[in-house]
Amino acid sequence: MIKRFLRKVFGRSGRVRGPQILPLDKHGIRRSQIHPCALKVTRTLKEAGYAAFVVGGAVRDLLIGREPKDFDVATDATPDEVRNAFRRARIIGRRFRIVHVYCGADAIEVTTFRASGGVPDLDEDRVTDVDGLILRDNVFGSQGEDAARRDFTVNALYYDPEAETIWDWHGGVADAQKKMLRIIGDPETRFREDPVRMLRAARFAAKLDFRIAPETRAPIAGLAPLLERIPAARLFDEMIKLLLSGHAERGVHQLRAEGLHHGILPMLDAILDDPVRQPFLHAALHDTDARVRNEQSASPAFLLACLLWFDLNRSWARLREAGEAAQAALFAAMDETLERQRESLAFPRRFDGTIKEIWGLQPRYEQRSGARPYRLLSHPRFRAGYDFLLIRARGGDAPQELADWWTRFQDAGEAERAAMLQPARAGEGRRRKPRRRARKAAEAGAALD
Ligand code: ATP
Ligand code: MG
């Protein structure tokens, strides 16, 4: 039993290894690259006699020359001890108690080393091993145990800012240098423990531009169906992380390459295989990536509006053909589309309003006569609707000329705007074109079902 435990925790060799402690010239991360608040937290904890390291994504990102999103600290102090060491600190979370330490407006997340791996047959050992240390779902452990329960070797690096050393338990520094994403321990066991790690593998590979190690990759396709058992809300969160990571285009392809796109992104199944819809999806993902990288806003609602646009068009065309008036058919189609999606991917209803607004505005961009374009300009969602129109144009779903017209109209002076307006009848005539396209797309979509 003990042997099996050790093998699971420390890898196939079964040897209990300590960390490699790598000096500055082996990794190049300097104290000055660490957020001042994280420095203050590690220094204070160490002065109080605890171990404290910068961990996780920040160390990984610095190692490959990227700017970390946030700095997390791991320590052997319990949450209460951490809180007592700082003037402004708060314990948050119930399942996993973590401490937020504040410096001005910044907050650093401090976690206590954990031994929790969620392996049922190990839980028994753990209860007796760490007797007395169990607190709700928290099983505090040593740094080695904390490292072993993390997902990938590059995510299990501990940086000591004072010494400028990295404590590397699983060869993460070498893997980072090889641009290799490798799961810690036995891949199948770790993916069964938490199938979301498969999605994380795809996300990190895309985001870091790493290859997934062959042994890590091998079981994924076979285990993909395990994702069906994951609560929809967690899948949704993970999907949003991937889509708003700034590397959505690559991420979606990585998902597809691993055979992971079926259950989680049902709308992607159809889009990725459809020559009519693919350009639109690419335009949408490309645009989202550019926005995230330029630190512009990129909202989940906007992206969902993109992903479901063709489904909406299909419903809309069907309802119109059944004799409903255009506007009524559009609203009915919106509800139908969102409800149908919810059966497979439970996304929060709070996005519905924005999604519907973006969709509902689309026909209004076709009206280029009289006072209507001016009214549309002052609509609070004008910009989102216009961005959506640009993507449609790039994806071949709206005339480029229409998108260009709006690009010009927005910035034009009064006289130019007046000159750009179209006579009412020409406006009417133009309205039909995109509808024909929508019907064509809907037919193409229906043919795939
Ligand atoms: P990002 O920059 O995308 O936030 P990250 O590495 O910080 O990347 P998080 O999701 O914030 O990723 O998680 C923080 C750390 O917690 C990870 O680096 C990893 O060590 C650990 N972790 C997170 N989720 C899991 C999981 N499902 N299984 C094992 N370890 C995990
Ligand atoms: Mg993080």
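Placed above this text is the structure.
Conventions used here
- Residues numbered from 1 in each chain as written.
- Chains lettered and ligands numbered in written order.
- Predicted model: local features only at pLDDT ≥ 70, side-chain atom pairs only at ≥ 80, totals over all residues.
- Heavy atoms only, no water.
- Phe/Tyr/Trp six-rings, centres within 6.5 Å; stacked < 30°, edge-to-face > 60°.
- Helix = DSSP H or I, 4+ residues; strand = E, 2+ residues; numbered from the N terminus.
- Buried < 20%, exposed > 50% of the residue type's maximum accessible area, 1.4 Å probe, protein only.
- Lys NZ or Arg CZ within 6 Å of the ring centre and 35° of its normal.
- Axes fitted to C-alpha atoms, helices over the stretch in contact; angles between N-to-C directions.
- Parallel < 35°, antiparallel > 145°, perpendicular 65-115°, else oblique.
- Left-handed = near helix turned anticlockwise from the far one by under 90°.
- Contact = heavy atoms within 4.5 Å.
- Nonpolar A, V, L, I, M, F, W, Y, C, P; charged D, E, K, R; others polar.
- Pairing = 2+ DSSP bridges.

*Asks:* Report on the packing of aromatic side chains, specifying residues and quantitative values.
*Replies:* The final tally for this structure, using the stated rule, is 17 aromatic pairs. Taking 5.1 Å as the distance between ring centres and 65° as the angle between the ring planes, the aromatic pair formed by F53 and W167 counts as edge-to-face. Here the residue F53 occupies a position in strand β2 (residues 52-55), and W167 occupies one in strand β10 (residues 165-168), the gap between them amounting to 114 residues. The exposure class assigned to F53 is buried, which follows from its relative accessible area of 5%. By relative accessible area, which is 24% here, W167 ends up partly exposed. Taken together, the aromatic side chains of Y365, Y374, F382, Y386, W405, W406 and F409 make up a single cluster linked through ring pairs. Across from the ring centre of W316, 4.5 Å away, lies the NZ or CZ of R320, which sits over that ring.

*Asks:* Outline the packing of helix α17 (residues 278-293) against helix α22 (residues 382-394), supporting the account with residue identities and numerical values.
*Replies:* It is at 8 Å that the axes of α17 and α22 come closest, and there the two elements cross at 135°. One finds that α17 runs oblique with respect to α22. Of the two possible hands of crossing, α17 and α22 adopt the one that is right-handed. Together, F280, A283, A284, D287 and R291 of α17 and D387, F388, I391, R392 and R394 of α22 make up the contact between the two elements. Looking at the contact of α17 with α22 residue by residue, the classes come out as five nonpolar, no polar and five charged.

*Asks:* Provide a residue-level description of the packing of helix α10 (residues 196-208) against helix α14 (residues 248-257), including the pertinent values.
*Replies:* For the pair α10 and α14, interaxial distance at closest approach is 8 Å and the crossing angle is 135°. For the element pair α10 / α14, the angle class is oblique. Of the two possible hands of crossing, α10 and α14 adopt the one that is right-handed. Taken together, the residues of α14 that come into contact with α10 (itself represented by L199, A202, A205, A206 and K207) are R250, G251, Q254 and L255. Across the contact of α10 with α14, the residue classes break down as five nonpolar, two polar and two charged.

*Asks:* Summarise the pairing of β10; cite the residues concerned and give the values.
*Replies:* Here strand β1 (residues 20-22) runs beside β10; their pairing, made up of three bridges, is antiparallel. Looking at β10, one finds that L22 is bridged to I166. The sheet contact formed by strand β9 (residues 157-160) and β10 spans four bridges and is antiparallel. In the strand pairing of β10, D160 is matched with T165.

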